[in-house]
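Breakdown of the fold
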Amino acid sequence: MNANLYTLFRSRFPRDLDDCWIETADAQYYSWRDLERGSAKIANLLASLHLPAGSRIAAHVEKSPEALMLYLATVRAGFVYLPLNTAYRAAEMSYFIEDAAPAVVVCSPENFGWVSQIAFKNDTGHVFTLDEPRNGRNSGSLLSRAAHLSDDFTTVHRDDTDLAAILYTSGTTGRSKGAMLSHGNLAANIKVLHEAWRWQAGDVLLHALPLFHIHGLFVAAHGALMNGSKMIFLSKFDSAAVIHHLPRSTIFMGVPTYYVRLLSDPQFDRSTCEKIRLFVSGSAPLLTETFDDFKQRTGHTILERYGMSETGMLTSNPYEGNRKAGTVGPALPGVSVRIVTTQGTPCAIDEIGDIQVKGPNVFQGYWQMPEKTAEEFTSDRYFKTGDVGRMDNEGYISIVGRSKDLIISGGYNVYPKEIESVIDELPGVLESAVIGIAHPDFGEAVTAVIVPRDGCQLSEADIIATLKEKIANFKVPKRVYVVEELPRNTMGKVQKNLLREKFSAG
Ligand code: AMP
């Protein structure tokens, strides 16, 4: 049997291929036939490049139906999709392109100059824009080249363990790691979610998440593909647009920030949500306050779930049954989740420990990091998630912290170590510590605490302005504090907990 993920989705397309697959915010309609033909054309183009098996196709493109087609075409043609956050700048792109060595890079026309330079320097053979002309010529765009090719393509045979995608994540060292996900991993996870969330005929997904992250791509878009359901596609989250389209939707998925923003809009009420069957939240903790306010305003109980790039979704509050605020629910069927002490022994009910997981959804390892991969698995093949939590007597899990000090701001992961290394390079800076401070809108706000070199004056505004040029906006600290020294424990480690306490009031 062909385990290519596209084959699974293809078997779930609606009978009438002229049904709407995607409706965009500006009322453009794409049918399932458009998807089938469009992905075939792109797959034919990729096949015509005679790339070696396992080649990575990197995409640094804005969200659009065509971007999703590029993803599906890559999978269909048997290559490995590498989505990259559109906010990434040169330093970040250099790292990913050097590390993943993609055979093809697809980017936006406005970034073509610098992205292609980085790509060619790293021996990438082909750099395209997706659909838009560059330099006034349309010949370089992937879609214009693909337009001449056949709209028929036989989906390439793939096994369960063959790679479909690499998602870059990070770890304790702050160096991004590529999580390798196979066709089997992605299929197993979406089959479970399809059942768990009771996807059904007539469902319409309002899709407001980005496509370069697991949540928007492998949970939201995969969910609709697996059910042959229409998506209403917003290029980005915007409360007014969400409120406008919710009355025609049955499912909405978001990060907690989206729910906070919807609640802050007085237009958002029960009538907006009349047709909605399910609100899902994840990627960062949903405050009990938001959960309660949302219920009071709309009558809906948000379903919170928990997952990560390496494993897909691990736990979910139930569709039928008690959705407990402040918890991420029990393990999904077929997924084994356990909480262990630092010695690796099982924790008692409600005892806090490390969350570990095993199941067909768990990734194939980190790209070109066999030792790191081995370190993250126990001898009985459980993956160490790096999250810390507890399980109650009904199997519901609560996440209490992140052993790796990850900051989640507006649903995006920010790795302190990465920002610290950029700050430490700035003139006049001796050292720095980056922490997350609770923030009502972003969940956590990136905050930097900096020690200046002797006699140097540092200004918060200057540092923020300089960082804006160097790193993606979501990683730039919202506040910068200048201190004389960082608090350290006897082992010389910076005590970030003390910094969090000190600056959370400010
Ligand atoms: P990512 O790989 O970008 O999806 O980030 C995964 C991390 O997000 C997890 O390891 C958790 O720390 C965090 N996360 C995901 N969902 C939740 C949730 N519902 N509550 C708290 N943290 C979450």
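Nothing here was measured: the structure is a model prediction, and the numbers come from that model.

**With respect to helix α2 (residues 32–48)**
Compared with the 24 Å implied by 1.5 Å per residue over 17 residues, the 24 Å span of α2 between its first and last C-alpha is a close match. Structurally, the start of α2 carries an N-cap: the backbone nitrogen of Arg-33 is 3.2 Å from a side-chain oxygen of Ser-31. A positive backbone phi angle near 50° is found at His-50, which sits one or two residues after α2.

**Points about empty space enclosed by the protein**
On inspection of all chains with the given rule, the structure shows 2 cavities of 30 Å³ or more. Here the largest cavity is characterised by a volume of approximately 50 Å³. Lining the largest cavity are Leu-186, Asn-189, Ile-190, Ile-214, Phe-218, Val-219, His-222, Gly-312 and Met-313. Mapped onto the lining of the largest cavity, the elements with two or more residues apiece are α7 (183–196), α8 (214–227) and β14 (312–316). For the lining of the largest cavity, the class distribution of residues is 6 nonpolar, 3 polar and no charged. Looking at the second largest cavity, its volume works out to about 30 Å³. Contributing to the lining of the second largest cavity are Leu-181, Asn-185, Leu-186, Asn-189, Ile-214, Phe-218, Ser-309, Thr-311, Gly-312 and Asn-361. When residues of the lining of the second largest cavity are traced back to their parent elements, those giving at least two are α7 and α8.

**What to know about the layout of surface pockets**
The gaps of empty space that remain are located by a probe, the size of a water molecule, rolled over the atoms. Counted as a void, the second largest pocket has a volume near 980 Å³. Lining the second largest pocket we find 42 residues, and of these Asn-85, Thr-86, Pro-210, Phe-212 and Tyr-412 sit closest to its centre. Listed by contribution, the elements that provide at least two residues to the lining of the second largest pocket are β4 (80–83), α8 and α10 (256–263). Counting residues per element, the lining of the second largest pocket draws most heavily on α10, which supplies 3 residues. The residue makeup of the lining of the second largest pocket, split by class, is 21 nonpolar, 13 polar and 8 charged.

**Observations concerning the pairing of strand β12 (residues 278–281)**
Residues of β12 alternate between two faces, with Leu-278 and Val-280 on one and Phe-279 and Ser-281 on the opposite face, all of them buried. Relative to β12, strand β11 (residues 251–254) is paired through 4 bridges, and the arrangement is parallel. Note on β12: the bridge partner recorded for Ile-251 is Leu-278. In the classification by handedness, the crossover that spans β11, the intervening α10 and the parallel β12 is right-handed. Pairing of β12 with strand β13 (residues 303–308) involves 2 bridges; the strand directions are parallel. Within the sheet, the bridge partner assigned to Ser-281 lies in β13 and is Glu-304.

**Description of the domain arrangement of the chain**
When the parts of a complex come together, some accessible area is lost, and that lost area is often taken as the interface size. Here the chain is partitioned into domain 1 (31–158), domain 2 (195–402) and domain 3 (407–503). Spacing between the C-alpha centres of domain 2 and domain 3 amounts to 28 Å. Listed by partner, the interface residues are 9 residues for domain 2 and 9 residues for domain 3. Of the roughly 770 Å² buried where domain 2 meets domain 3, counting both sides, 49% is carbon and sulfur surface. Linking domain 2 with domain 3 are 1 salt bridge. Linking domain 2 to domain 3 there are 2 residue pairs in polar contact (both at pLDDT 80 or more). The element contributing the most residues to the side of domain 2 that touches domain 3 is α10, with 3 residues.

**A word on the pattern of salt bridges**
Pairing between side chains of opposite charge can happen when their charged atoms approach one another. Applying the stated criterion across every chain yields a total of 18 salt bridges. Residue Glu-320 is joined to Arg-198 by a salt bridge in which the shortest nitrogen-to-oxygen separation is 2.7 Å. Taken together, the residues span a long stretch of sequence, with Glu-320 in the loop between β14 and β15 (336–340) and Arg-198 in the loop between α7 and β9 (204–207) at a distance of 122 residues. Residue Glu-320 is classed as partly exposed on the basis of its relative accessible area of 48%. For Arg-198, a relative accessible area of 29% gives the class partly exposed. The residue Glu-375 makes a salt bridge to Lys-372 at a minimum N-O spacing of 3.4 Å. Of the two residues, Glu-375 and Lys-372 both sit in helix α12 (residues 370–375), 3 residues apart, roughly one turn of that helix.

**Structural notes on the environment of Arg-390**
For Arg-390, the location among the structural elements is in strand β17 (residues 383–391). Its relative accessible area of 29% is what places Arg-390 among the partly exposed residues. In this structure, the C-alpha to C-alpha distance between Arg-390 and Leu-142, residues 248 residues apart in sequence, is 48 Å. The contacts of Arg-390, once residues within four sequence positions are left out, are Ile-339, Asp-350, Glu-351, Ile-352, Tyr-396, Ile-397, Ser-398 and Val-400.

**Topic: the site of the ligand**
The ligand sits among 17 residues. The nearest are Arg-305, Met-308, Ser-309, Asp-387 and Asn-413. Glu-304 is positioned with one of its side-chain polar atoms (N or O) 2.9 Å from a nitrogen atom of the ligand. A distance of 2.8 Å separates a nitrogen atom of the ligand from a polar backbone atom of Arg-305. Within the complex, 95% of the 500 Å² of free accessible area of the ligand lies under protein. When contributions to the shell around the ligand are tallied by element, the ones reaching two or more residues are β13 and β18 (397–402). Among the elements that take part in the shell around the ligand, β13 stands out by supplying 5 residues, more than any other.

What counts and what doesn't
Residues numbered from 1 in each chain as written. Predicted model: local features only at pLDDT ≥ 70, side-chain atom pairs only at ≥ 80, totals over all residues. Heavy atoms only, no water. Helix = DSSP H or I, 4+ residues; strand = E, 2+ residues; numbered from the N terminus. Expected span 1.5 Å × (residues − 1). Polar contact = N/O pair within 3.5 Å; in protein donor to acceptor, adjacent residues only side chain to side chain. 1 Å grid on protein atoms, 1.4 Å probe; cavity = no way out; pocket = protein on both sides within 12 Å on 5 of 7 lines; lining within 4 Å. Points joined across faces, edges and corners; volume = space filled by probe spheres on them. Nonpolar A, V, L, I, M, F, W, Y, C, P; charged D, E, K, R; others polar. Buried < 20%, exposed > 50% of the residue type's maximum accessible area, 1.4 Å probe, protein only. Pairing = 2+ DSSP bridges. Right-handed = clockwise from strand over helix to strand, strands pointing away. Domains from an automatic or database assignment. Contact = heavy atoms within 4.5 Å. Buried area = accessible area lost by both parts, 1.4 Å probe. Salt bridge = Lys/Arg side-chain N within 4 Å of Asp/Glu carboxyl O. Near = heavy atom within 4 Å. Areas by Shrake-Rupley, 256 points an atom, 1.4 Å probe, with all protein chains shown as cover.

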